[in-house]
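# Overview (structure and organization)
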Amino acid sequence: MNHKLIRIGRSTQNDRLFSNPEISGEHAQLFQDSEGLFFLTDLNSKAGVFVNGKRIQGAVQIKPGVIS
């Protein structure tokens, strides 16, 4: 099985770093499972994570090109 996890935020321990102060230190994570499905999870960030204009809670399955 080939799983991929990308952690997103301001902390240097993340895979993708952002300097924007609105981004939390540990903001979100993107996970690809062994079937190639993607899941985006808000890690209790202050600003939130939005998919198609709606704030998500927990893990949400996403498809490429649907995040706005």
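Given the structure is predicted, the values throughout are model-derived calculations rather than measurements.

### Quick notes on the sheet that holds strand β4 (residues 38–42)
- In space, the 5 strands of this open sheet follow the order β2-β1-β3-β4-β7, with mixed pairing throughout. Looking at the sheet topology across the chains shown, the edges are occupied by β2 (16–17) and β7 (59–62).
- As defined by bridge partners, β4 adjoins β7 across 4 bridges and the pair is classed as antiparallel. Looking across to β7, one finds that L40 is bridged to V60.

### Focus: the environment of N20
- Topologically, N20 is positioned in the loop between β2 and β3 (28–32).
- Taking C-alpha positions, N20 is 7.6 Å from R10, a pair spaced 10 residues apart along the chain.
- A distance of 2.7 Å separates a polar atom in the side chain of N20 from the backbone nitrogen of E22.

### Description of the side chain of D33
- Among the structural elements, D33 can be located in the loop between β3 and β4.
- No salt bridge is formed by the buried D33; its nearest oppositely charged neighbour, K4, is found at 11 Å.
- Here E35 takes part through its backbone nitrogen, which lies 2.9 Å from a polar atom of the side chain of D33.
- Of the polar contacts made by the side chain of D33, one reaches the backbone nitrogen of L37; its length is 2.9 Å.

### Structural notes on unusual backbone geometry
- Of note, N44 is a non-glycine position whose phi angle comes to about 60°, a positive value.
- Examined against the element boundaries, N44 turns out to sit in the loop between β4 and β5 (50–51).
- One non-glycine residue, N52, lies in positive phi territory at about 55°.
- Mapped onto the fold, N52 is located in the loop between β5 and β6 (54–55).
- What makes N52 partly exposed here is its relative accessible area of 49%.

Cut-offs and rules
Residues numbered from 1 in each chain as written. Predicted model: local features only at pLDDT ≥ 70, side-chain atom pairs only at ≥ 80, totals over all residues. Heavy atoms only, no water. Pairing = 2+ DSSP bridges. Helix = DSSP H or I, 4+ residues; strand = E, 2+ residues; numbered from the N terminus. Polar contact = N/O pair within 3.5 Å; in protein donor to acceptor, adjacent residues only side chain to side chain. Buried < 20%, exposed > 50% of the residue type's maximum accessible area, 1.4 Å probe, protein only. Lys, Arg positive; Asp, Glu negative; His and termini not counted. Salt bridge = Lys/Arg side-chain N within 4 Å of Asp/Glu carboxyl O.

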